[in-house]
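Coordinate analysis (summary)
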Amino acid sequence: MWAYFKWEFKQFFTNKKNIAVYVILLFLGLYFVLKVAPSYEPIEKVDVAEMEARFTTRDDFIKSVEGKDNIHPSVAFALAVFPQWNEYDRARIDAINEKDYLKYAEATAGWYLYSDQLTVNGDSFFYNPLYYTYGNNYAHADGHYGYGYTASRFTGYVEGSSELSMDLFEERTALQTLQRMLNDYLPIVLFISCILLSVDIVLKDRRNPSLLKGFPISDWKKLLMKGLVAFVGSILSFVPLYVVLIAIGLQNGFGDFSLPVPFYSYIEQNFTNMTMSTFLLKNILFIGVWFLFLIAIILFLSIIVKAEFANLFVSFIIIAAEWFYFERVMGAYSDIERYPTSYVQVGQVISGYRNFVYQSPDLTYQHGLTIIGCCTLFLVILTLIVSKFKRFKLIA
Amino acid sequence: MRSMLKTLFIIERTDKKNIFACLIVALSIIGMVVYANATELGNPIKEKSIESLPAKVAMNKFQIVDASEYGDGSDIYKNIVKQYYTYPKQGMALKTEQPELFIETAIELTELRKQAFEMDDYDLVAVNLPSKIENEMDSYYYQYLKENDLVLSFGSLSFYPFLAFLFSIVGSVWFVLICIYASNIMIDDFRHTSLIKGYPIAFTKYVLAKCMTSMGIVFIFIIELIVCSLPLIYFKGLGQASYPVAVFNGEVTIYPIYKYIAVSIVYMICLAVFAILLSVILNVLLRNVYLTLFVQIILVVIPILFPSLIKLLPFNPFNYVNFPSVLNGDTLNLETPVALNSNAGLVYLCISIVLLMAVIKWFLSTGKLQKI
């Protein structure tokens with residue numbers, strides 16, 4: 001069995017298509033480092049000009065109406081809330097000028113919490129204008145999420161012992177970039193490369209049947225070994241990621257594993273922090289389980305349908321399915337947490353963002369692992385049973 | 001020669017790689033058509049709304065003061081407030097379908113931006129506003145629309161504008177795609193040398209035939225690009241083929257869409273020939289697919305990594321590999337701004353192709369390939 005593993009392994013890594021997949025991943029990574037990462041403009045930037053403008057505007061306003069009688073209620077409201085707000089802004093501006101990053105983090109966390117409290121239920125203030133994009137009916141909620149996320153993040157910086165920097169505040173360091181990408185399209189890219197890597201793992205044997213007929217090993221064991229090789233190969237698609245991480249780290253610093261990653265709890269409607277290492281480990285585990293799921297699908301289809309195109313089609317449908325039925329807040333009235341396809345955005349599930357967009361408390365990491373794991377197990381057992389039938393022999 | 005071409009064509013026709021590549025190209029283009037149709041790509045109301053957000057962010061960088069003509073705000077602040085308030089006007093003009101008002105406000109906006117470049121403290125808001133070249137292209141575009149009384153399209157992208165958009169997207173990765181496709185063009189022949197020895201034809205001619213069949217597949221890709229976008233005619237209509245596109249070739253000019261598409265196709269053909277010849281030569285030298293690809297990608301990446309090289313070597317054909325960005329004048333926004341001429345780029349590419357051909361011919365005739 002071990003010898004068969006080695007044989008498959010060697011074939012896997014000398015397969016032109018597979019090496020092309022790794023090369024393309026590396027190229028995408030280089031493109032990301034050169035073009036995408038430097039042009040990242042976070043909404044919650046460290047922008048001194050903006051803070052100063054806000055501060056002076058409010059300060060002038062307070063000075064001009066202070067002490068006057070018979071003021072409009074909204075002016076009175078402004079007079080009640082602006083001084084505290086300005087205090088935070090003052091502290092932020094001073095901290096930046098003194099390069100006292102800890103003080104900046106503290107004041108910023110306070111500022112975001114305070115702004116969010118005033119904005120979320122009132123109609124006097126708005127979040128950062130960049131949240132209010134065209135056709136986004138949930139801009140206010142997005143702003144609430146963004147402010148809460150930032151406040152939680154900065155609280156984490158104050159409590160933690162990481163070395164603070166501007167790049168850290170704008171989430172530009174290597175590990176934070178990885179975290180952002182895991183919340184974005186990186187899992188999809190990895191899943192697609194897993195599919196492309198393993199799509200022909202069974203069917204390639206049909207090209208030279210006479211060679212392989214002589215192997216003294218049962219079909220079921222062959223399938224198991226093939227699955228294992230595909231899994232190892234898919235895990236190795238992380239390698240180009242390391243190159244990207246190192247390249248970004250050399251530019252913007254690496255960050256460290258104790259950095260806070262905010263986690264949104266739908267039930268309590270608030271943010272708590274987990275460490276970067278927890279977040280990454282959870283992601284790796286979840287992505288690993290997804291790899292196994294996709295490989296199990298491909299193995300099963302390979303012995304049933306025996307067409308590469310069917311493998312590609314079905315597994316791409318699995319990945320894209322959420323896109324077809326996705327609608328915001330649909331979790332409130334449907335059971336999306338029961339479909340494995342709802343968990344395809346791995347990073348977003350782990351950070352709680354999916355709970356937020358679906359408005360459903362059940363779309364959790366544990367739940368996802370259980371569902372995907374069960375599906376995988378079911379498929380593997382099904383494959384085992386089917387492979388015992390003569391009709392579905394690997395090599396006809 | 002003809003029989004050689006015929007043989008190669010039969011081989012290539014049944015090659016799984018080609019079928020797969022054609023399928024993937026077709027699928028991705030249909031995907032883009034669906035995407036363009038579903039997201040109302042090019043819907044001007046949406047675009048203007050997206051454009052107005054950075055102006056709002058820029059405005060937030062200033063203390064709110066009197067922005068009227070004799071108010072005490074700074075010049076740049078007044079300018080940005082004016083800029084920001086042209087967007088609602090434009091949105092209104094679009095919703096009530098008044099092309100004259102729309103074009104007028106658009107020209108007003110480009111004028112305002114032009115003034116802003118000269119003002120103090122412009123650096124503060126530079127990241128939020130379009131660059132000089134983008135503004136100039138906008139300015140030319142709207143001036144052209146005004147002078148020629150063209151009918152403004154208020155809907156999202158129809159067929160011709162979509163084609164222009166598609167070519168600009170595909171064009172930016174075209175060279176790399178062809179490199180990946182052609183990277184193993186000669187490798188198989190080194191593996192089975194006895195096969196080649198049997199052909200009753202000179203090796204140079206064999207190489208030529210091989211390149212020609214590869215180019216045939218490339219033409220199929222280009223035709224696929226056009227054919228697979230046809231469904232958009234059903235959804236969004238044909239659009240105007242003579243609608244203007246602002247491009248940069250040394251200076252800002254206006255191309256009609258059909259000219260833009262034609263230039264793109266010529267560029268794509270030249271780049272494909274260049275990529276195939278480069279693959280042949282690197283295959284001969286390195287005898288490894290991955291090394292070939294690696295060297296090609298390095299050659300593409302170097303000018304991106306070191307922009308100062310572009311100014312130093314404007315005739316380097318790899319500067320023009322991403323031709324949509326050359327046509328957009330993106331090289332003027334680099335740290336070391338340089339005005340690349342897209343027409344000159346074509347000439348440089350052609351010269352490089354001729355040089356490569358000469359090198360290949362020399363290689364094949366001086367016995368560098370005796371082993372075959």
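None of the values given here were measured: they were computed from a predicted structure.

Focus on the overall build of chain B
Check the secondary structure of chain B and you find 17 helices and 2 strands. Structurally, chain B occupies a C-alpha span of about 85 × 45 × 30 Å along its principal axes. Burial status across chain B gives 48% buried among its 372 residues. In chain B, of all internal contacts separated by at least 6 residues, the share reaching a separation of at least 24 is 75%. By element, 63% of the accessible surface of chain B is carried by carbon and sulfur atoms, the whole surface being about 18,300 Å². For chain B, the centre of its 28 positive side-chain charges and the centre of its 29 negative side-chain charges are spaced 18 Å apart.

Let's talk about the interface of chain A and chain B
Between chain A and chain B, the residue contacts involve 23 residues of the former and 27 residues of the latter. Summing both sides of the interface, chain A and chain B together bury roughly 2,300 Å²; the carbon and sulfur share of this comes to 75%. It is A:Lys16, A:Phe27 and A:Tyr134 that lose the most area in chain A upon contact with chain B, and together they represent 26% of the buried surface on that side. Taken together, chain A and chain B are joined by 1 salt bridge. For the interface between chain A and chain B, the tally reads 2 residue pairs in polar contact (both at pLDDT 80 or more). Of all the secondary-structure elements, those providing two or more residues to the side of chain A that touches chain B are α2 (16-36), α3 (48-65) and α14 (308-325) of chain A. Take the side of chain A that touches chain B: its biggest share by element is 7 residues, from α2(A).

Concerning the packing of aromatic side chains
Evaluation of the coordinates by the stated rule reveals 58 aromatic pairs over all chains. On the basis of an interplanar angle of 65 degrees and a centroid distance of 5.5 Å, the ring pair of A:Trp323 and A:Phe324 is categorised as edge-to-face. For the pair A:Trp323 and A:Phe324, a shared accessibility class is recorded, and that class is exposed. A centroid spacing of 6.1 Å and a plane angle of 75 degrees characterise the contact between B:Phe102 and B:Tyr142, whose relative ring orientation is edge-to-face. Of the two residues, B:Phe102 is situated in helix α5 (residues 99-117) and B:Tyr142 in helix α7 (residues 132-148); the sequence distance between them amounts to 40 residues. For B:Phe102, a relative accessible area of 4% translates into the label buried. By way of ring pairs, the aromatic residues A:Phe61, A:Phe77, A:Phe82, A:Trp85, A:Tyr88, A:Trp111, A:Tyr112, A:Tyr114, A:Phe125, A:Tyr127, A:Tyr131 and A:Tyr147 are connected into one cluster. Over the face of the ring belonging to A:Trp111 we find A:Arg92, whose NZ or CZ atom lies 4.9 Å from the ring centre. Note that A:Arg180 overlies the ring of A:Tyr40, its terminal NZ or CZ placed 3.4 Å from the centroid.

Observations regarding the domain arrangement of chain B
Residue and element names in this part refer to chain B. By the assigned domains, chain B splits into domain 1 (2-39 + 157-365) and domain 2 (44-148). In this assembly, 13 residues from domain 1 lie in contact with 9 residues from domain 2. Taking both partners together, domain 1 and domain 2 bury about 1,000 Å²; carbon and sulfur atoms supply 72% of that area. Of all residues in domain 1, Pro244, Val252 and Ile254 bury the most surface against domain 2, accounting for 48% of the area lost on that side. Linking domain 1 with domain 2 are 0 salt bridges. One can count 2 residue pairs in polar contact (both at pLDDT 80 or more) joining domain 1 with domain 2. When residues of the side of domain 1 that touches domain 2 are traced back to their parent elements, those giving at least two are β1 (244-248) and β2 (252-256). For the side of domain 1 that touches domain 2, the leading source of residues is β1, giving 4 residues.

Comments concerning the side chain of A:Ser342
Relative to the assigned elements, A:Ser342 resides in the loop between α14 and α15 (346-350). Filtering out sequence-adjacent residues up to four positions away, A:Ser342 remains in contact with A:Glu322, A:Tyr325, A:Ile336, A:Val349, A:Arg354, A:Tyr358 and A:Leu363.

Brief notes about the domain arrangement of chain A
Residues and elements named next belong to chain A. Under the domain assignment used here, chain A contains domain 1 (2-40 + 175-392) and domain 2 (48-171). Computed from C-alpha coordinates alone, the two centres of domain 1 and domain 2 are separated by 39 Å. The interface of domain 1 with domain 2 comprises 21 residues on the first partner and 16 residues on the second. Counting each side, the surface lost to burial between domain 1 and domain 2 is near 1,700 Å², with a carbon and sulfur contribution of 55%. Taken as a group, Gln176, Phe271 and Arg328 account for 32% of the area that domain 1 buries against domain 2, more than any other trio of residues on that side.

Quick look at the pairing of β2(B)
Residue and element names in this part refer to chain B. In terms of strand pairing, β1 meets β2 through 5 bridges, oriented antiparallel. If you follow valine 247 over to β2, its bridge partner there is threonine 253. The loop that links β1 with its antiparallel partner β2 comprises 3 residues; one of these, glycine 250, has a positive phi angle of about 90 degrees.

What to know about the packing of helix α5 (residues 101-120) of chain A against helix α6 (residues 139-159) of chain A
Residue and element names in this part refer to chain A. The geometry of α5 relative to α6 is characterised by a closest axis approach of 8 Å and an angle of 155 degrees between their N-to-C directions. With respect to α6, the element α5 is oriented roughly antiparallel. Viewed along their axes, α5 and α6 form a crossing whose handedness is left-handed. Each residue belonging to the contact of α5 with α6 can be placed in one class, and the counts come to 13 nonpolar, 7 polar and 2 charged.

Comments concerning helix α1 (residues 2-13) of chain B
All names here are of chain B. Helix length check: α1, at 12 residues, gives a terminal C-alpha distance of 16 Å against a target of 16 Å (1.5 Å per residue), a fit within 8%. Of all the positions in α1, only Met4, Leu8 and Glu12 are classed as buried. Looking down the long axis of α1, one finds its buried residues gathered within 65 degrees of arc, a one-sided arrangement. Seen from the open side of α1, the exposed residues pointing more than 90 degrees away from its buried face are Arg2, Ser3, Lys6 and Arg13.

The rules behind the values
Residues numbered from 1 in each chain as written. Chains lettered and ligands numbered in written order. Predicted model: local features only at pLDDT ≥ 70, side-chain atom pairs only at ≥ 80, totals over all residues. Heavy atoms only, no water. Helix = DSSP H or I, 4+ residues; strand = E, 2+ residues; numbered from the N terminus. Buried < 20%, exposed > 50% of the residue type's maximum accessible area, 1.4 Å probe, protein only. Contact = heavy atoms within 4.5 Å. Areas by Shrake-Rupley, 256 points an atom, 1.4 Å probe, with all protein chains shown as cover. Lys, Arg positive; Asp, Glu negative; His and termini not counted. Charge placed at Lys NZ, Arg CZ, Asp CG, Glu CD. Buried area = accessible area lost by both parts, 1.4 Å probe. Salt bridge = Lys/Arg side-chain N within 4 Å of Asp/Glu carboxyl O. Polar contact = N/O pair within 3.5 Å; in protein donor to acceptor, adjacent residues only side chain to side chain. Phe/Tyr/Trp six-rings, centres within 6.5 Å; stacked < 30°, edge-to-face > 60°. Lys NZ or Arg CZ within 6 Å of the ring centre and 35° of its normal. Domains from an automatic or database assignment. Pairing = 2+ DSSP bridges. Axes fitted to C-alpha atoms, helices over the stretch in contact; angles between N-to-C directions. Parallel < 35°, antiparallel > 145°, perpendicular 65-115°, else oblique. Left-handed = near helix turned anticlockwise from the far one by under 90°. Nonpolar A, V, L, I, M, F, W, Y, C, P; charged D, E, K, R; others polar. Expected span 1.5 Å × (residues − 1). Arc of directions from axis to C-beta.

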